[in-house]
Amino acid sequence: MTTKYVCTNSSCRWHGEDTEILTAPDPFNEGGELQACPECREQSLTGGCDEPQCRDEATCGTPTPDRYRITCSRHRPKGDKE
């Protein structure tokens with residue numbers, strides 16, 4: 001399963017999948033990895049909502065019967081008590 005990302009750089013706002021982001025070895029952390037936006041090349045990535053076509057940042061993590069969802073608050077799965 002791929003993970004969605006969004007760029008938080010206000011002049012960029014790229015969104016895409018983890019397979020698209022730029023990566024390089026971290027010279028300050030042996031075995032670590034740096035990740036950057038493929039559009040603006042800034043290290044300004046954060047997780048994106050897993051709802052198809054949504055371009056918002058993920059703000060919620062919710063277990064569901066099918067899988068663990070990572071979504072924005074607008075697409076947060078509703079519980080039985082709501």
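Reading guide: rules and limits
Residues numbered from 1 in each chain as written. Predicted model: local features only at pLDDT ≥ 70, side-chain atom pairs only at ≥ 80, totals over all residues. Heavy atoms only, no water. Core = buried A, V, L, I, M, F, W, Y, C linked by side-chain atoms within 4.5 Å. Buried < 20%, exposed > 50% of the residue type's maximum accessible area, 1.4 Å probe, protein only. Contact = heavy atoms within 4.5 Å. Salt bridge = Lys/Arg side-chain N within 4 Å of Asp/Glu carboxyl O. Helix = DSSP H or I, 4+ residues; strand = E, 2+ residues; numbered from the N terminus. Pairing = 2+ DSSP bridges. Axes fitted to C-alpha atoms, helices over the stretch in contact; angles between N-to-C directions. Disulfide = S-S within 2.5 Å.

A.B. asks: Before we go on, may I ask you to explain the nonpolar core in this structure?
C.D. replies: Soluble, globular proteins show a tendency: their nonpolar side chains are buried together. Grouped together as the largest cluster of nonpolar side chains are five residues: Tyr5, Cys7, Trp14, Ile21 and Cys37. Those residues in contact with cysteine 37 that sit more than four places away from it in its chain are Cys7, Cys12, Trp14, Leu22, Glu42 and Leu45.

A.B. asks: Any chance you could explain the pattern of salt bridges here in plain terms?
C.D. replies: Pairing is possible between side chains that carry opposite charge, provided their charged atoms lie close to one another. Overall, the coordinates contain five salt bridges when judged by the stated rule. For arginine 13, the salt bridge identified is with glutamate 57, shortest N-O distance 3.9 Å. You can see arginine 13 sitting in the loop between strand S1 (4-7) and strand S2 (15-17) and its partner glutamate 57 sitting in the loop between strand S5 (45-47) and strand S6 (60-63), a full 44 residues away along the chain. Overall, the relative accessible area of 33% leaves glutamate 57 in the partly exposed class. Between glutamate 51 and arginine 69 there is a salt bridge, with the nearest N and O atoms lying 2.9 Å from each other. Taken together, the positions of glutamate 51 in the loop between S5 and S6 and arginine 69 in strand S7 (residues 68-71) put the pair 18 residues apart, joining distant regions of the chain. Through salt bridges with shared partners, a single network forms among Asp50, Glu51, Arg67 and Arg69.

A.B. asks: When you look at the sheet that holds S5 in this model, what are you seeing that I'm missing?
C.D. replies: Two strands in a sheet stick together by hydrogen bonds in their backbones, pointing the same way (parallel) or opposite ways (antiparallel). Pairing in this open sheet of three strands is antiparallel, and the strands run S2-S1-S5 from one edge to the other. Each end of this open sheet is capped by a strand with a single partner; those strands are S2 and S5. Across the sheet, the axes of successive neighbouring strands diverge by a mean angle of 35°, strand direction being ignored. Alignment of S1 against S2, held across three bridges, turns out to be antiparallel. Paired with valine 6 across the strands is histidine 15, a residue of S2.

A.B. asks: I tried to follow the side chain of threonine 62 on my own but got confused; where do I start?
C.D. replies: In this fold, threonine 62 is placed in strand S6. Owing to a relative accessible area of 16%, threonine 62 belongs among the buried residues under this scheme. Beyond its immediate stretch of four places on either side in the chain, threonine 62 contacts Arg67, Tyr68, Arg69, Arg76 and Pro77.

A.B. asks: Please clarify how the state of the cysteines should be interpreted in this entry.
C.D. replies: In a disulfide, the sulfur atoms of two cysteines are held together by a covalent bond. As enumerated under the stated definition, the model contains zero disulfides in all. Not engaged in a disulfide, the cysteine cysteine 40 finds its nearest cysteine sulfur in cysteine 7; these two sulfurs lie 3.6 Å apart. Cysteine 40 sits in the partly exposed class, given a relative accessible area of 24%. Cysteine cysteine 72 is unpaired, with the sulfur of cysteine 49 as its nearest cysteine sulfur at 3.8 Å. When its relative accessible area of 4% is taken as the criterion, cysteine 72 is described as buried.

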